[in-house]
Amino acid sequence: MPKRIKRIGILTGGGDCPGINAVIRSVTKTVIEKYGAKVLGIKDGFLGLIKERWRELSYEDVSSILTLGGTILGTSNRDDPFHWLPDKEHKSEPIDVSDTVIENYKRLKLDALVCIGGDGTLSIANKLHKKGLNIVGVPKTIDNDLCETDYTFGFNTAVNIVMEAIDRIHTTASSHHRVMVVETMGRYAGWLALEAGVAGGGDIILIPEIPFNWDSVCRKVKERNRRGKRFSIVVVAEGTKPPGGELVIKRIIGDKRPENIRLGGIGSVVAEEIENRTGVETRYIVLGHLQRGGSPTAFDRLLATRFGYVAAEMIAEGRFGYMPALRGNKIKPVLISRAVRKIRRVPKNYLLIEAARSIGTSFGDD
Ligand code: F6P
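Residues numbered from 1 in each chain as written. Predicted model: local features only at pLDDT ≥ 70, side-chain atom pairs only at ≥ 80, totals over all residues. Heavy atoms only, no water.

Explain the sheet that holds strand β8 (residues 232-237) to me, please; I cannot follow it from the model alone.
Reading across the sheet, the 4 strands line up as β7-β8-β6-β11 and stay open at both edges, with parallel pairing between neighbours. Single-partner strands in this sheet number two, and they are β7 (204-206) and β11 (282-286). Averaged over all neighbouring strand pairs, the angle between strand axes comes to 15 degrees, with direction disregarded. Taken together, the 3 bridges between β7 and β8 define a ladder with parallel strand orientation. In the sheet register, isoleucine 204 faces β8, and the bridge partner there is valine 234. Docked against the sheet, helix α8 (residues 266-278) engages β6 (179-184), β7, β8 and β11, running at close to 175 degrees with respect to β11. (Pairing = 2+ DSSP bridges. Helix = DSSP H or I, 4+ residues; strand = E, 2+ residues; numbered from the N terminus. Axes fitted to C-alpha atoms, helices over the stretch in contact; angles between N-to-C directions. Contact = heavy atoms within 4.5 Å.)

How do you make sense of the pairing of strand β5 (residues 135-139) when you look at a structure like this?
Residues in a regular strand point their side chains to alternate faces of the sheet. A large share of β5 lies buried, amounting to 5 of its 5 residues. Side chains Ile135, Gly137 and Pro139 of β5 all project onto a buried face; the interleaved residues Val136 and Val138 project onto the opposite face, where all are buried too. Bridge analysis of strand β4 (residues 112-117) against β5 gives 5 bridges, and the strand direction is parallel. Bridge pairing in β5 links valine 114 to valine 136. Between the parallel elements β4 and β5, the chain passes through helix α4 (residues 119-130) in a crossover that is right-handed. (Buried < 20%, exposed > 50% of the residue type's maximum accessible area, 1.4 Å probe, protein only. Right-handed = clockwise from strand over helix to strand, strands pointing away.)

Explain the site of the ligand here, please?
If you check the shell around the ligand, you find Asn77, Ile142, Asp143, Met185, Gly186, Arg187, Glu238, Arg262, His289 and Arg292 and nothing else. Between the ligand and histidine 289 there is a distance of 2.9 Å, counted from an oxygen atom to a side-chain nitrogen or oxygen. With respect to the ligand, the side chain of arginine 292 contributes an N or O atom lying 2.8 Å from an oxygen atom. For the ligand, the protein covers 81% of the area, taking 400 Å² as the surface of the free molecule. Here the shell around the ligand is built from residues that sort into 2 nonpolar, 3 polar and 5 charged. Composition of the shell around the ligand by domain shows at least three residues from each of domain 1 (7-153 + 296-328) and domain 2 (156-293 + 347-358). (Near = heavy atom within 4 Å. Polar contact = N/O pair within 3.5 Å; in protein donor to acceptor, adjacent residues only side chain to side chain. Areas by Shrake-Rupley, 256 points an atom, 1.4 Å probe, with all protein chains shown as cover. Nonpolar A, V, L, I, M, F, W, Y, C, P; charged D, E, K, R; others polar. Domains from an automatic or database assignment.)

Sorry, what's going on with the environment of threonine 75 here?
Looking at where threonine 75 falls in the secondary structure, it is placed in the loop between β3 (54-57) and α3 (98-107). Taking the C-alpha atoms as reference, threonine 75 lies 22 Å from valine 159; in sequence the two are 84 residues apart. Excluding its chain neighbours within four sequence positions, the residues that come into contact with threonine 75 are Thr12, Gly13, Gly14, Asp16, Asp44 and Gly45. Polar side-chain contacts of threonine 75 include one of 3.1 Å to the backbone oxygen of threonine 12. Of the polar contacts made by the side chain of threonine 75, one reaches the backbone oxygen of glycine 14; its length is 2.7 Å.

Honestly, the nonpolar core in this entry has me stumped. Any pointers?
Looking at soluble globular proteins, one finds that nonpolar side chains tend to be buried together. Ranked by size, the top nonpolar core spans 62 residues in total, and within it Ile10, Ile24, Ile116, Phe153 and Ile233 carry the most contacts. Viewed by domain, this core spans two of them, domain 1 (7-153 + 296-328) and domain 2 (156-293 + 347-358), each represented by three or more residues. For isoleucine 10, the residues in contact, after removing those within four places along its chain, are Ile24, Val27, Val39, Leu40, Gly41, Ile42, Leu57, Leu73, Leu113, Val114 and Ile116. Counting 30 residues, the second largest nonpolar core, distinct from the first, contains Leu11, Val97, Ile102 and Tyr105. (Core = buried A, V, L, I, M, F, W, Y, C linked by side-chain atoms within 4.5 Å.)

Just checking my understanding: could you explain the side chain of threonine 71 for this structure?
Locating threonine 71 in the fold gives a position in the loop between β3 and α3. Take threonine 71: its relative accessible area is 17%, and that puts it in the buried class. A distance of 3.1 Å separates a polar side-chain atom of threonine 71 from the backbone nitrogen of leucine 73. Those residues in contact with threonine 71 that lie beyond four places of it in its chain are Thr12, Asp16, Ile20, Asn21 and Ile24.

Printed below as a string of structure tokens:
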């Protein structure tokens with residue numbers, strides 16, 4: 001029989017996204033109202049547990065944050081306690097301060113720690129669970145690249161933001177008879193470019209999972225021109241490699257571990273090559289952090305609320321090392337270790353790809 005919970009901690013790690021505050025609200029209200037326990041908000045992800053930065057969250061603190069983007073707790077995607085850089089200029093070697101995190105968890109007398117994050121944060125959370133902490137995860141990322149869950153929260157909002165951007169790009173592309181290249185985020189997975197690209201009626205969608213070639217892309221642009229469609233929209237995911245080339249990297253923060261690599265720039269490569277090869281005037285836009293900003297969609301608010309509630313229930317049941325996951329329309333507990341075992345990519349036989357091909361969308365591979 002699990003012991004009665006008295007006090008839990010909650011933190012948000014990795015890149016922010018819409019819906020995080022909705023999860024904080026759901027967990028906190030449930031824990032306070034249903035279980036009469038206290039909630040400590042840890043500031044700036046794991047950094048808060050390294051640097052002793054936290055504050056108690058009251059019921060009032062989490063009222064009215066459902067619609068708010070970002071995270072009221074702050075976040076960090078560079079404070080892995082197992083590879084921590086005390087010097088942010090990256091001049092020193094990383095050190096392991098995970099024992100400090102464990103000591104602070106104990107000092108705060110936490111019964112559990114809720115870690116809201118993507119693969120980076122949840123991998124750290126899993127290691128802390130193995131070191132004895134009572135961890136419950138909540139799957140968050142606009143990349144939708146976590147295993148074991150159909151969707152992470154934040155993704156649906158990002159899809160809508162990108163779709164709306166494509167809609168706006170359409171009018172200017174058609175007025176100027178141009179090719180417009182839209183570069184999306186998504187890291188090494190193409191979920192965001194694919195779903196937003198299809199929803200926005202993109203003509204060519206380039207994702208990491210489907211290697212493309214220039215002839216195919218340019219043939220599509222020319223074919224559209226011949227048919228009187230004198231503009232084309234190309235949606236490209238940041239993790240897509242150019243034919244025969246390497247990932248296009250914007251910068252590396254610290255050492256070359258995958259989590260330190262910031263992608264970006266494939267949009268300009270694609271635009272330049274299309275213009276050179278077809279002679280059609282081409283422009284590109286990098287949507288960047290716009291994709292992570294603002295208020296969550298109804299879908300994400302509902303998913304975040306369900307995830308938060310189930311996370312609180314998991315704590316009450318003493319089910320640690322797990323996270324709630326969306327399977328069909330049900331929320332199921334899954335092991336965090338299984339969710340982070342690899343990056344979840346778009347399957348080649350994904351129905352949406354087949355459907356898009358059947359309505360004339362090119363993936364640059366024929
Ligand atoms: O993982 C979320 C994400 O937005 C990725 O899509 C993107 O590659 C990365 O974070 C950007 O990271 P940063 O906010 O550090 O620039």
